[in-house]
Each structure stands twice: as structure tokens, then as C-alpha cells.
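This is what each chain is made of:
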Amino acid sequence: MTQTEYKIYIDDVIRRVESARLNVSAHHIVKIVAVSKYSTSEDIAKLYEIGQRAFGENKVQDLKAKAIALDELPLEWHYIGNLQKNKINNLLDINPTLFQALDSLSLAEELQKKLVAKDMQLDCLMQVNSAKEASKHGFYPDDAVEAYKKIQQECPNINLKGLMSIGAHSDNKEIIKKSFDTTYEIYKKLPNATICSMGMSGDFELAIECGSNMIRLGSLIFNK
Ligand SMILES: *Cc1c(COP(=O)(O)O)cnc(C)c1O
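Each residue is numbered by its place in its chain's sequence as written, counting from 1. Note on the predicted model: pLDDT of at least 70 is required for a residue's local features to be given, and 80 or more for side-chain atom pairs to be given and counted; whole-chain, interface and lining totals, by contrast, use all residues. Processing note: side-chain calculations cover all non-hydrogen atoms of the structure and skip hydrogens and water entirely.

Colleague: Would you mind going over the overall build of the protein with me for this structure?
Modeller: Assigned secondary structure in the protein consists of 9 helices and 8 strands. The reference for a compact globule is 2.2 Å times residues^0.38; the radius of gyration itself is calculated from the C-alpha atoms. For 224 residues, the compact-globule estimate of 2.2 N^0.38 gives 17 Å, and the protein sits close to it at 17 Å. Dimensions of the protein along its principal axes, counting C-alpha atoms only, are 50 × 40 × 35 Å. Burial classes follow relative accessibility: with a 1.4 Å probe on protein chains only, a residue under 20% of its type's maximum area counts as buried, one over 50% as exposed, and anything between as partly exposed. Every one of the 224 residues in the protein was classed for burial, and the buried ones make up 49%. Any two residues whose heavy atoms approach within 4.5 Å at even a single point are treated as in contact. Restricting the contact set of the protein to residue pairs at least 6 apart, pairs at least 24 apart contribute 59%. Starting at the N terminus, helices and strands are each numbered in turn, a helix being any DSSP run of H or I of at least four residues and a strand any DSSP run of E of at least two.

Colleague: How should I be thinking about the nonpolar core in this particular structure?
Modeller: General note: in soluble globular proteins, nonpolar side chains tend to be found buried as a group. In terms of nonpolar packing, the biggest core is built from 70 residues, with Phe99, Leu102, Leu111, Met126, Ile151, Ile158 and Ile221 touching the most fellow members. In contact with Leu102, not counting residues within four places along its chain, are Leu107, Ala108, Leu111, Cys124, Leu125, Met126, Gln127, Phe139, Ile151, Ile158 and Leu160. The set of buried Ala, Val, Leu, Ile, Met, Phe, Trp, Tyr and Cys residues whose side-chain atoms join them within 4.5 Å is what this entry labels a nonpolar core.

Colleague: Is there a simple way to explain unusual backbone geometry in this structure?
Modeller: Excluding glycine, most residues fall at negative phi; most peptide bonds, likewise, are trans. Look at Asn95: it is not a glycine, yet its phi comes out positive at around 50°. Residue position: Asn95 is located in the loop between helix H4 (88–94) and strand S4 (98–102). Among the residues examined, Asn95 registers a relative accessible area of 48% and is labelled partly exposed. If you check the backbone angles, Lys132 has positive phi at about 50° while not being a glycine. Within the secondary structure layout, Lys132 lies in the loop between strand S5 (122–128) and helix H6 (141–154). The exposure class of Lys132 is partly exposed, given its relative accessible area of 45%.

Colleague: I keep staring at the side chain of His28 and nothing clicks. Help me out?
Modeller: Within the secondary structure, His28 is located in the loop between helix H1 (3–24) and strand S1 (31–35). The class for His28 is buried, based on a relative accessible area of 15%. Any N or O atom pair separated by 3.5 Å or less is treated as a polar contact, with the protein-specific requirement of one donor-capable and one acceptor-capable atom, and with residues adjacent in sequence counted only for side-chain atom pairs. At 2.8 Å, the side chain of His28 forms a polar contact with the backbone oxygen of Ser212. Residue contacts for His28: discarding those within four places in its chain leaves Arg21, Ile208, Gly211, Ser212 and Asn213.

Colleague: How should I be thinking about the packing of H6 against helix H7 (residues 173–189) in this particular structure?
Modeller: Each packed pair of helices is defined by two parameters, the angle between the axes and the distance between the axes. Put simply, H6 and H7 touch, their axes get as near as 10 Å, and they point 25° apart. Between H6 and H7, the angle falls in the class roughly parallel. At the point where H6 passes H7, the crossing takes the right-handed sense. In this structure, H6 contributes Pro141, Ala144 and Val145 to the contact, and H7 contributes Thr182, Ile186 and Lys189. Polar here means any residue other than Ala, Val, Leu, Ile, Met, Phe, Trp, Tyr, Cys and Pro, which are nonpolar, and Asp, Glu, Lys and Arg, which are charged; Gly is therefore polar. Across the contact of H6 with H7, the residue classes tally to 4 nonpolar, 1 polar and 1 charged. What counts as an axis is a line fitted to C-alpha atoms, over the stretch in contact for a helix, and the angles between N-to-C directions run from 0 to 180 degrees. When an angle is under 35 degrees it counts as roughly parallel; over 145 it counts as roughly antiparallel; between 65 and 115 it counts as roughly perpendicular; any other value is oblique. The sense of a crossing depends on the near helix, which, turned anticlockwise from the far helix by less than a right angle, makes the crossing left-handed and, turned clockwise, makes it right-handed.

Colleague: What exactly am I supposed to notice about the packing of helix H5 (residues 105–117) against H6 here?
Modeller: Look at H5 against H6: their axes get within 11 Å of each other, and the N-to-C directions meet at 15°. Between H5 and H6, the crossing angle belongs to the class labelled roughly parallel. The way H5 lies across H6 gives a crossing that is right-handed. Here Leu105, Ala108 and Gln112 of H5 come into contact with H6, specifically with Ala147, Lys150, Ile151 and Glu154. When its residues are assigned to classes, the contact of H5 with H6 shows 4 nonpolar, 1 polar and 2 charged.

Colleague: How should I be thinking about the site of the ligand in this particular structure?
Modeller: We call a residue near a molecule or strand when any one of its heavy atoms sits within 4 Å of it. The full set of residues close to the ligand is Val35, Lys37, Ile80, Ile166, Met200, Ser201, Arg216, Leu217, Gly218 and Ser219. At 2.8 Å from an oxygen atom of the ligand is found a side-chain nitrogen or oxygen belonging to Lys37. Gly218 places a main-chain nitrogen or oxygen 2.8 Å from an oxygen atom of the ligand. For the ligand, the protein covers 85% of the area, taking 390 Å² as the surface of the free molecule. Given that more than half its atoms are within 2 Å of the pocket grid, the ligand belongs to the largest pocket. Of the residues belonging to the shell around the ligand, the class tally is 5 nonpolar, 3 polar and 2 charged. In short, Shrake-Rupley with a 1.4 Å probe defines the accessible areas, and a residue's cover is counted only from the protein chains shown. A cavity here means a set of 1 Å grid points, computed over protein atoms only, where a 1.4 Å probe fits but cannot escape. A pocket is an open set with protein on both sides within 12 Å along at least 5 of 7 lines, and lining residues have an atom within 4 Å of a point. Whether a molecule sits in a cavity or pocket is decided by its atoms, more than half of which must lie within 2 Å of the grid points.

If you want it as C-alpha cells, here you go:
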């Protein structure tokens, strides 16, 4: 797509986000992370020209390649995919703005060790598998609050900022809503959490209605 076409797309997305967030409250601010996983560095540069700053990737090697290619632009990189332990160092080399998919205690322990070794801190979100789907990663709702506090206590180099969740895989709006409500209820119980990342191209308006303040949009922005 051309830059002009991207502008038309993103203007429409922003209008929809504005309307959804104003339904919650004039004070409810929602951040858009453009998920560029099916797109090229050239596409990302066009979106940057229009004003988009935060981008998300779900493969460490893709994030690395794009971050290097676009090194001169002041972009925010979000890592939203499952992180294998043997890729932790590669991710840390890029020093992403936010790792959104901390999904197990053993990953937290390993990440903590690597952060200490590199004398780094990393902002993270804990992933919740709110609909308890076998196909998804993340903590089950019943374990989430305790695990969050445990990571805060035992992993001082991990700065937990809140939660990330993917809405239930369903055509039924009530079932999707329930999964967002579950995540938001956990979010409200967490000490010092400020980010509730939920909502994708197909369900972001519902997610905002349920309290999300960070949405991750791929296909809607990149027309893929
Ligand atoms: C791909 C992906 C998205 C974006 O999905 P779309 O439906 O294309 O908007 C959001 N979050 C995660 C974790 C993803 O993997």
C-alpha cells in the first residue's frame, strides 16, 4: 500500500478507537501497537511517517531484522510472541520497549538470570490465558495474581507493568467479552499495574469497553 492508503486506513482505525474509548470515559487513553508481523520494514517506515510509533512482532528473528533495518527511526518495539528460552539473549540484544508475553514462572526465572548477567531491566506484561484454551500460552486466571506477585518479589530485573491477553477464540461475543472481563478483573487486583493489553483487529472495540488500554492491531492496519 502507499502512504496515502495507509493514512486512510489508520485514520479510520483511530476514529473507531476514539469512539470506543470515549464510551468508557474521556480520561480513558488507549495505546495502539501496530502488529507488523506480516509486513515489511518499508511498510513500517510508511506508518512511521504518518505518526505511528509502536510496533509489535511475534518472532525474535523478525523483530531483530526489522529493528536493525529501521535503526534510525525512534520506534517502540513490542515483543508479543511466545519466547523460547534459547532466544532470550537475542531478544535482550534488541532491548525492546515491552515484552508482552511472559507466560510461565520458569521463563521468568530464566529471563531474570539473563537480565542480571547483562545488567539490564526489562518492562514486561504477564500473559493470561483467560479462556483456558489449550492452543494459547499464559497463566490460568486462578494462578495469575499469585504468580504476578511472585515474579515481582523474585525477579527484581523484570518490571511487571500489567497483563496481556488474547480474547477467546469464538464467534460468540458474550464468550469473548467474558474472557476480557476475566483479564480485567485480575488486572484490577495487581499492585502498580498500568497496562492492560487486550484486543486485536476483530475484537478491539469490545476489549476497550472491557477496560483495555493497549490494543494490538495487525490485519486491520496492514490490510493483510
Ligand atoms: C498477530 C497478533 C496480533 C494481531 O492480530 P490481528 O488480528 O491481525 O490484529 C495481536 N496480538 C498477538 C499476540 C498476535 O500474535
